[in-house]
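One-letter residues, chain by chain:
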Amino acid sequence: MKSISALFFVFVCSMGISFGQFSLDRVEPPFWWTGMQNTHLQIMFYGENIAELSPIIRYDGIEVLETVLVENPNYLFLILDIHPDTKAGSFAIEFSKDDMMQLYYSYTLNARSENSGERQGFNNSDAIYLITPDRFVNGDPGNDYMPEIGDTLDRSDPQARHGGDIQGVINSLQYLSDMGFTSIWLNPVLENKMPRTSYHGYAVTDFYKVDPRFGSNEDYQILGQACQKNGFKLIMDMVMNHCGSEHWWMKDLPSNDWIHYGGNYVQTNHRRSVIHDPYAPESDKELFSNGWFVKSMPDMNQQNPLLAEYLIQNSIWWIEYAHLQGIRHDTHSYPDKNFMADWSCAIMDEYPNFNLVGEEWSPNPNYVAYYQRGSNNQDGYNSCMPSMMDFPTQISLVPGFTEPENWNSGFIKIYENLANDFIYPDPYNLVIFPDNHDMSRFYTQVNEDYNAFKMGIAYILTLRGIPQIFYGTEILMSNPGTDAHGIIRSDFPGGWENDVKNAFTGAGLTDQELEAQLLFKSLLNWRKEKACLHDGKLVHYSPKDGIYVFFRFNDEEMVMLVFNKNEEEYTVDKARFQEVIKNRKEAVSVLDGNSSPIEKAVVPAGSVGIFEIN
Ligand code: CA
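A short tour of the structure in this document, coming up. Sequence positions are assigned chain by chain, starting from 1 and proceeding in written order. Since the coordinates come from a predicted model, pLDDT governs what is reported: local features require at least 70, and pairs of side-chain atoms require 80 or more to be given and counted, while whole-chain, interface and lining totals use all residues. Note that water and hydrogens are dropped before the side-chain values are worked out from all heavy atoms of the structure.

## Some details on the packing of helix α6 (residues 305-322) against helix α7 (residues 337-350)
For any two helices packed against each other, one specifies the crossing angle of their axes together with the interaxial distance.
Here's step 1: Between α6 and α7, the shortest axis-to-axis distance is 10 Å and the interhelical angle comes to 35°. You can see that α6 and α7 cross each other, and the crossing is right-handed. Along its contact with α6, which presents Ala308, Leu311, Ile312, Ser315, Ile316 and Ile319, the element α7 presents Phe339, Asp342, Trp343, Ala346 and Ile347.
Here's step 2: Only Asp, Glu, Lys and Arg are considered charged, only Ala, Val, Leu, Ile, Met, Phe, Trp, Tyr, Cys and Pro nonpolar, and every remaining residue, Gly among them, polar. Here the residues of the contact of α6 with α7 are counted per class, giving 9 nonpolar, 1 polar and 1 charged. Interaxial angles span 0 to 180 degrees and are taken between N-to-C directions of axes, which are lines fitted to C-alpha atoms, for helices over the stretch in contact. Numbering of helices and strands runs from the N terminus; a helix is a DSSP stretch of H or I covering at least four residues, while a strand is a stretch of E covering at least two. By definition, any crossing whose near helix is turned counterclockwise from its far helix by less than a right angle is left-handed, and any crossing with a clockwise turn is right-handed. In what follows, a contact means two residues having at least one pair of non-hydrogen atoms within 4.5 Å.

Below, the structure written as structure tokens:
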């Protein structure tokens, strides 16, 4: 087995003792809390021959339910019950052999922060800003270069590390607040000791440690606290399906069934439909769920109950530790689907007002709806996922806003997509987005047609659901001529000292980029206060003569969106919308503040009108 690092040796010796053939290298979770809804706690101990030792705990309120040993003698799992009245504090876990103590670990149960279980997750009153932390802002150049971890630091290389970090996000909270965002989702921040393209974070090599190039666990906790203080909800990006091939346990796996196919690479078939296909053979389902996403991402076996519990607790540990108010779950359909239901239900039991959003990248709303809480599935599958990423809507945007208007093209694509909402238990809790870190920038997707861009953004910021904007989309960042991920995730201008172009100050931005930034700022700040855009009703009229119109409204407020794809301006046909407008008379344009009678409201050629209807 791998020898203990010098740093860890100091840590262990300061808290415990080690004799001869035994050692204690890792304890996960490293601490826990009292007063959790679920009173069970599973602790994984890793160290040389630890399985030969007997653990003893003496602390009021804690009962050892079971000591579980696995194939590998370097692991020992302890299952505890923590009585609800157990006091916060530290206690010794002693490991003995033949009545001689060989090791001990000082374990701490912290008190939970006030109303921790009642925390409010992100919801449709929020607007999420998605950040690739390596590429956003370099707040601490001191953590840029860490050759001992691997990978290279080179801003001119789209696949290398660029130096962005958590401090950079903290430094940017004022900008994001001014822009009108209320929630932040960072691509994974946990350690990624991968030798290449580690910057994206999706090949985690330590589930309990923030990557030091982003900062420390404490820095991430400080970000969570700063978010809470400044009215932001922090969303953590998590991956239950796989770890990185450089994960520490890959060199000394607990058991042969910890990683699918005994830890040997077998490629998944990526056929996500087999999960709900009533005609799929077991072999196709097994290869989909158990095969590896890619060779560098070993596929974890969540049917192993110890691993399943490890992963669920890890998510709860980060929620509690970093003050999270949401989780975005990567490749949601790939892990064992029953485990994913256990995972989401365990989190929602502990935090009933929390929010979880899963990624199921399909154009088919049936595939997405299958995973949302309350879905009436033929096979009886029911998860506790409150939210899913609305890929079908994202996929409808480009044809909807760029195609010429015909019976079967143009606006009809977004209109018919929205008509699919009957399949979702809760369409108002879907996350909607024009682009994300895995696809071309929206401005590139619409071939840099600013009118189409503006229509798409106005649509996303007023539609039912929770809008998410990828960093830089607000200043028209693009990836012309390539869909390379490293280019899509280019550096945010102004995030590095001496950047000539600076999105924070506006220096070096073109007039069009400044206009786009102002559009986001106006609409996001307006949306924040406009309750009818959060949970108000939606009525949309079938596209007609190059015009598409929808309304959002509640008893007090009404907003009308008018998309005009014609080469002439459009004057609102009030009579057509009488059923919704009723006795309201005035239309106030949100973009320029002009007011007019509804029947005289005008939308310029190839543009979008956003009106408050009074
Ligand atoms: Ca840095």
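## Section: the sheet that holds strand β1 (residues 26-28)
Here's step 1: Strands were regarded as paired on the criterion that DSSP finds at least two bridges between them. Pairing is antiparallel in the open sheet, where 4 strands are placed in the order β1-β3-β6-β5. Strands at the two margins of the open sheet, each flanked by one partner only, are β1 and β5 (62-69). Between one strand axis and the next, the sheet turns by 20° as a mean value, whatever way the strands run.
Here's step 2: When strand β3 (residues 40-46) meets strand β6 (residues 75-82), the two strands line up antiparallel, connected through 7 bridges. Its bridge partner lying in β6, Ile43 is registered against Leu78.

## What to know about the coordination of the calcium ion
Here's step 1: In the first shell of the calcium ion, the protein supplies Asn138 (OD1), Asp140 (O), Asn143 (OD1), Asp144 (OD), Gly163 (O) and Asp165 (OD), at 2.3 to 2.6 Å from the metal.
Here's step 2: Donor selection uses N, O and S atoms within 2.8 Å of the metal (3.2 Å for Na, K and Ca). Since no water is included, sites may look incomplete. Sites are called tetrahedral only when four donors show all angles between 85 and 135 degrees, square planar or octahedral only when four or six donors show opposite pairs over 155 degrees and all other angles between 65 and 115, and irregular in any remaining case. Coordination at the calcium ion comes from 6 donor atoms whose angles at the metal span 64 to 164°, giving a geometry best classed as irregular.
Here's step 3: Here the donor residues of the calcium ion share one chain and are spaced in sequence as N-x1-D-x2-N-D-x18-G-x1-D. One end of the pair, Asn143, is in the loop between β9 (128-131) and α2 (166-171); the other, Asp165, is in the loop between β9 and α2, with 22 residues separating them in the sequence.
Here's step 4: Throughout this description, buried means an accessible area under 20% of the type-specific maximum (1.4 Å probe, protein chains only), exposed means over 50%, and partly exposed covers the range between. Here Asp165 falls in the buried class, since its relative accessible area comes to 0%.

## Structural notes on the packing of helix α9 (residues 391-402) against helix α12 (residues 450-460)
Here's step 1: Where α9 contacts α12, the two axes come as close as 9 Å, and the packing angle between them is 140°. When the axis of α9 is compared with that of α12, the two are oblique. When you trace α9 past α12, the crossing you get is right-handed. Judged by residue contacts, Thr393, Leu397, Phe401 and Thr402 of α9 engage Ala452, Met455, Gly456, Tyr459 and Ile460 from α12.
Here's step 2: For the contact of α9 with α12, the class distribution of residues is 6 nonpolar, 3 polar and no charged. Geometric relationships in this document are graded by angle, where less than 35 degrees denotes roughly parallel, more than 145 denotes roughly antiparallel, 65 to 115 denotes roughly perpendicular, and other angles denote oblique.

## Observations concerning the environment of Val189
Here's step 1: Tracing the backbone through its elements, the reader meets Val189 in the loop between β10 (183-186) and β11 (190-191).
Here's step 2: Of the residues examined, Val189 reaches a relative accessible area of 3% and is grouped as buried.
Here's step 3: Residues Val189 and Gly201, spaced 12 residues apart in sequence, show a C-alpha to C-alpha distance of 6.2 Å.
Here's step 4: Apart from the residues lying within four places of it in its own chain, the contact partners of Val189 are Pro133, Val210, Asp211, Phe214, Tyr220 and Met236.

## Quick look at the nonpolar core
Here's step 1: By size, the foremost hydrophobic cluster in this structure holds 170 residues, and its most contacted members are Tyr220, Trp249, Trp318 and Tyr459.
Here's step 2: For this core, the element with the most residues is α6, which contributes 12 residues.
Here's step 3: Among all residues touching Tyr459, those that are not within four sequence positions of it are Thr393, Leu397, Phe401, Ile414, Leu418, Tyr548, Phe550 and Phe563. Grouping buried Ala, Val, Leu, Ile, Met, Phe, Trp, Tyr and Cys residues that are joined through side-chain atoms within 4.5 Å yields what is termed a nonpolar core.

## Topic: the sheet that holds strand β20 (residues 547-553)
Here's step 1: One open sheet holds the 6 strands; their spatial order is β19-β20-β21-β26-β23-β24, and the pairing between them is antiparallel. Where the open sheet ends on each side, the last strands, each with one partner, are β19 (537-544) and β24 (595-597). The sheet shows a mean angle of 25° between the axes of neighbouring strands, taken without regard to direction.
Here's step 2: Note: strand β23 (residues 586-589) against strand β26 (residues 607-613), 3 bridges, orientation antiparallel.

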